[in-house]
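# What the coordinates show
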Amino acid sequence: LNALITDEHKLVHYAGQDFGELLDLREDPCESVNLWDDPAHAKLRAELTAQLLSRLGETADPLPNRTARY
């Protein structure tokens, strides 16, 4: 499990899985609507995934499960 949390969104990626969570924290503060498979949010999911992978590559933390907040 890896996660990226911004002021507006939360992206959760489950290692080795084809699914995850993309949440709009401003529109859905209770985090009840997963936008991961919503085609309208595909570009955002790709952008946040790239940010998450970049941040994970920058850390020296050897643990496989990390949460980054930016």
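Residues numbered from 1 in each chain as written. Predicted model: local features only at pLDDT ≥ 70, side-chain atom pairs only at ≥ 80, totals over all residues. Heavy atoms only, no water.

Within the protein one finds one helix and four strands. Reading the protein from its N terminus to its C terminus gives the helix and strand order β-β-β-α-β. Counting every position in the protein, which comprises 70 residues, the buried fraction comes to 30%. For the protein, restricting intrachain contacts to residue pairs at least 6 apart in sequence, the fraction spanning at least 24 positions comes to 37%. (Helix = DSSP H or I, 4+ residues; strand = E, 2+ residues; numbered from the N terminus. Buried < 20%, exposed > 50% of the residue type's maximum accessible area, 1.4 Å probe, protein only. Contact = heavy atoms within 4.5 Å.)

Turning to the environment of E31, a few remarks are in order. Relative to the assigned elements, E31 resides in the loop between strand 3 (20-24) and helix 1 (42-58). Among the residues examined, E31 registers a relative accessible area of 34% and is labelled partly exposed. Taking the C-alpha atoms as reference, E31 lies 9.8 Å from H9; in sequence the two are 22 residues apart. Sequence-distant contacts of E31, that is, excluding residues within four places in its chain, are made with K10, L23 and L25. At 3.0 Å, the side chain of E31 forms a polar contact with the side chain of K10. (Polar contact = N/O pair within 3.5 Å; in protein donor to acceptor, adjacent residues only side chain to side chain.)

The next point concerns the nonpolar core. One recurring pattern in soluble globular proteins: nonpolar side chains tend to sit buried together. L4, L11, L22, L35, W36, L48, L52 and L56 together form the largest nonpolar core, which totals eight residues. The greatest single-element share of this core, amounting to three residues, is contributed by helix 1. Discounting residues that sit within four places of it in the chain, L11 has contacts with N2, A3, L4, E21, L22, W36, R45, L48, T49 and L52. (Core = buried A, V, L, I, M, F, W, Y, C linked by side-chain atoms within 4.5 Å.)

Counted according to the given criterion, the structure contains one salt bridge. A salt bridge links K10 to E31; the nearest nitrogen and oxygen atoms lie 3.0 Å apart. Here K10 is found in strand 2 (residues 9-13), whereas its partner E31 is found in the loop between strand 3 and helix 1, with 21 residues between them in sequence. (Salt bridge = Lys/Arg side-chain N within 4 Å of Asp/Glu carboxyl O.)

To continue, consider the packing of aromatic side chains. The final tally for this structure, using the stated rule, is one aromatic pair. Measuring from ring centre to ring centre gives 5.6 Å for Y14 and F19, while their planes differ by 40°; the resulting arrangement is tilted. Relative accessible area serves as the criterion here: at 25%, Y14 is assigned to the partly exposed category. For F19, a relative accessible area of 45% corresponds to the partly exposed category. In this structure, R45 is placed above the aromatic ring of W36, and the distance from its NZ or CZ to the ring centre is 4.5 Å. (Phe/Tyr/Trp six-rings, centres within 6.5 Å; stacked < 30°, edge-to-face > 60°. Lys NZ or Arg CZ within 6 Å of the ring centre and 35° of its normal.)

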